[in-house]
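Survey of secondary and tertiary structure
Below are the chains, spelled out letter by letter.
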Amino acid sequence: MIMTNVNTVPGKKIVEHFGIVQGSTVRAKHIGRDFMAGLKNLVGGELKGYTELLQDSREEAMKRMEEQARQMGANAVVNIRFATSSVAQGAAELFAYGTAVRVE
Amino acid sequence: MESLLQNFDLVIVLVLAILGYTVGSLAEKRHYRSIIKREKELLKMAVVTAEGSFPPGKVGSSALVSGSVVISIDYFKRLLAILRNIFGGRVKSYESLVDRARREAILRMKESARKQGANMIINMRLETATIGRSANKRKSVGSVEAIAYGTAIVMNKG
């Protein structure tokens, strides 16, 4: 599966178009990590726990999107966009969407 | 008794502020040093926000790459920002926070592109979000998340 965030797959031609595909996931970290992040908030710096959480969930969202595209018979997803929102305390929603196409 | 309790509160705030100031500014300086050093190393990896068009047969493969980071601000700067809210104007402490987050995210994206042997990244996009426990509390920006993503291009040789 080829994933790009440009209108086409560079160097290839789009032969079929399947419409929008999307994947999303809502994740929360356990209390221990939240507590550590709270402590880290005092001195500032990178919150590794949250970075990891977001990266994992973004991969999960991409995987779901890819699965949906595969079921449609696509071999590439173009014009991918990401969105993040926090739906509850310490929980994050990661959302990826794009256009499923077949390229040659 | 009541005044003692009040003073105790003040002492805690003061200790936290001093701790945040010393450790936070040290960490920020170290982070900036590492950002500048890695930016020099990765200068050869071209990143553009344009889509670009390539003549047929030039592009070997393309893939989505992304980099993300969550950075939080220290206690002292948070106090400064609260004070700044009274008078208005530039909130310098938050400016450096988002600057660091974005540059770090771009660097991580470039590093993952280099691992895949890419020559350049096209159509780079940046996104910022607030996350974590401070996200829903009033309007405070305690920590900020930056995501950079784009399409890594591997060119054909010759």
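Structure shown above.
Let us look at the structure shown here.

Criteria and cut-off values
- Residues numbered from 1 in each chain as written.
- Chains lettered and ligands numbered in written order.
- Predicted model: local features only at pLDDT ≥ 70, side-chain atom pairs only at ≥ 80, totals over all residues.
- Heavy atoms only, no water.
- Helix = DSSP H or I, 4+ residues; strand = E, 2+ residues; numbered from the N terminus.
- Buried < 20%, exposed > 50% of the residue type's maximum accessible area, 1.4 Å probe, protein only.
- Contact = heavy atoms within 4.5 Å.
- Areas by Shrake-Rupley, 256 points an atom, 1.4 Å probe, with all protein chains shown as cover.
- Axes fitted to C-alpha atoms, helices over the stretch in contact; angles between N-to-C directions.
- Parallel < 35°, antiparallel > 145°, perpendicular 65-115°, else oblique.
- Nonpolar A, V, L, I, M, F, W, Y, C, P; charged D, E, K, R; others polar.
- Pairing = 2+ DSSP bridges.
- Salt bridge = Lys/Arg side-chain N within 4 Å of Asp/Glu carboxyl O.
- Expected span 1.5 Å × (residues − 1).
- Phe/Tyr/Trp six-rings, centres within 6.5 Å; stacked < 30°, edge-to-face > 60°.
- Patch = residues over 30% accessible without salt bridge, like charges linked within 9 Å, V, L, I, M, F, W, Y side chains within 5 Å.
- Lys, Arg positive; Asp, Glu negative; His and termini not counted.
- Charge placed at Lys NZ, Arg CZ, Asp CG, Glu CD.
- Buried area = accessible area lost by both parts, 1.4 Å probe.
- Polar contact = N/O pair within 3.5 Å; in protein donor to acceptor, adjacent residues only side chain to side chain.

Focus on the overall build of chain B
On a plain count of helices and strands, chain B comes out with 3 helices and 4 strands. For chain B, the sequential pattern of α-helices and β-strands runs α-β-β-α-α-β-β. By the burial criterion, 37% of the 158 residues in chain B qualify as buried. Contacts spanning at least 24 positions in sequence make up 84% of the contacts within chain B whose residues lie at least 6 apart. Summing over all exposed atoms, chain B offers an accessible surface of approximately 9,400 Å²; the carbon and sulfur share of this is 61%.

Quick word on the packing of helix α2 (residues 75-87) of chain B against helix α3 (residues 92-115) of chain B
All names here are of chain B. Where α2 contacts α3, the two axes come as close as 8 Å, and the packing angle between them is 130°. For the element pair α2 / α3, the angle class is oblique. Of the residues in α3, those in contact with Lys77, Arg78 and Ala81 of α2 are Ser93, Tyr94 and Ser96. Grouping the amino acids of the contact of α2 with α3 by side-chain chemistry returns 2 nonpolar, 2 polar and 2 charged.

Description of the environment of Arg103(B)
All names here are of chain B. Looking at where Arg103 falls in the secondary structure, it is placed in helix α3. When the C-alpha positions of Arg103 and Tyr32 are compared, they lie 9.5 Å apart, and in sequence the two are 71 residues distant. With residues up to four places along the chain from it excluded, the contact list for Arg103 reads Tyr32, Ile35, Ile36 and Glu39.

Comments concerning the environment of Gly73(A)
Residues and elements named next belong to chain A. The topology assignment puts Gly73 in the loop between α2 (48-72) and β4 (76-88). Taking the C-alpha atoms as reference, Gly73 lies 8.5 Å from Val101; in sequence the two are 28 residues apart. When neighbours within four sequence positions are excluded, Gly73 is seen to be in contact with Phe18 and Arg102.

Observations regarding the sheet that holds β4(A)
Sheet architecture is open: 4 strands sit in the order β1-β4-β5-β2 (chain A), paired in mixed fashion. Each having just a single partner strand, β1 (2-3) and β2 (14-28) of chain A make up the two edges of the open sheet.

Section: the pattern of salt bridges
If you walk through the whole model with that rule in mind, you get 16 salt bridges over all chains. Across the pair Glu145(B) and Arg58(A) runs a salt bridge, and its minimum N-O distance is 3.1 Å. With Glu145(B) in strand β4 (residues 143-155) and Arg58(A) in helix α2, the pair connects residues from two separate chains. When sorted by exposure, Glu145(B) lands in the same class as Arg58(A), which is buried. The partner of Arg90(B) in a salt bridge is Glu95(B), and the shortest N-O contact between them spans 2.8 Å. If you follow the salt bridges from partner to partner, you end up with Glu46(A), Arg38(B), Glu104(B), Arg108(B) and Glu111(B) in one network.

Looking at α3(B)
Residue and element names in this part refer to chain B. For α3, which comprises 24 residues, the first-to-last C-alpha distance of 35 Å matches the rise-based estimate of 34 Å (1.5 Å per residue) to within 8%. Here α3 has its buried residues at Ser93, Ser96, Leu97, Arg100, Ala101, Glu104, Ala105, Leu107, Met109, Lys110 and Ala113. Just past α3, the residue Gly117 takes up positive phi, approximately 75°.

Topic: the packing of aromatic side chains
Going through the model one piece at a time under the given rule, you end up with 3 aromatic pairs over all chains. With centroids separated by 4.7 Å and ring planes inclined at 80°, the aromatic side chains of Phe82(A) and Tyr149(B) adopt a geometry described as edge-to-face. Here Phe82(A) is found in strand β4, whereas its partner Tyr149(B) is found in strand β4 on a different chain. We classify Phe82(A) as buried; its relative accessible area is 5%. Take Tyr149(B): its relative accessible area is 1%, and that puts it in the buried class.

Observations regarding a positive patch on the surface
The grouping of Lys40(A), Lys48(A), Lys29(B), Arg30(B) and Arg33(B) at the surface amounts to a positive patch. At 3 residues, helix α1 (residues 2-41) of chain B tops the list of elements feeding residues into the positive patch. Position of Lys29(B) among the secondary structure elements: in helix α1. With a relative accessible area of 57%, Lys29(B) lands in the exposed category.

Digging into the interface of chain A and chain B
Listed as interface residues are 35 residues of chain A and, on the opposing side, 41 residues of chain B. The largest contributions to the chain A side of the interface with chain B come from Asn5(A), Leu42(A) and Phe82(A), which together make up 19% of the buried area. On inspection of chain A and its partner chain B, the count reaches 2 salt bridges. Measuring nitrogen to oxygen at the nearest pair gives 2.9 Å for the salt bridge that ties Arg108(B) to Glu46(A). At the boundary of chain A with chain B, the tally comes to 10 residue pairs in polar contact (both at pLDDT 80 or more). Looking at the side of chain A that touches chain B, the elements that each hand over two or more residues are β1, α1 (31-43), β3 (44-46), α2 and β4 of chain A. It is β4(A) that provides the largest number of residues to the side of chain A that touches chain B, a total of 7 residues. Of the residues belonging to the side of chain A that touches chain B, the class tally is 17 nonpolar, 13 polar and 5 charged. The sheet contact formed by β3(A) and strand β2 (residues 59-74) of chain B spans 2 bridges and is antiparallel.

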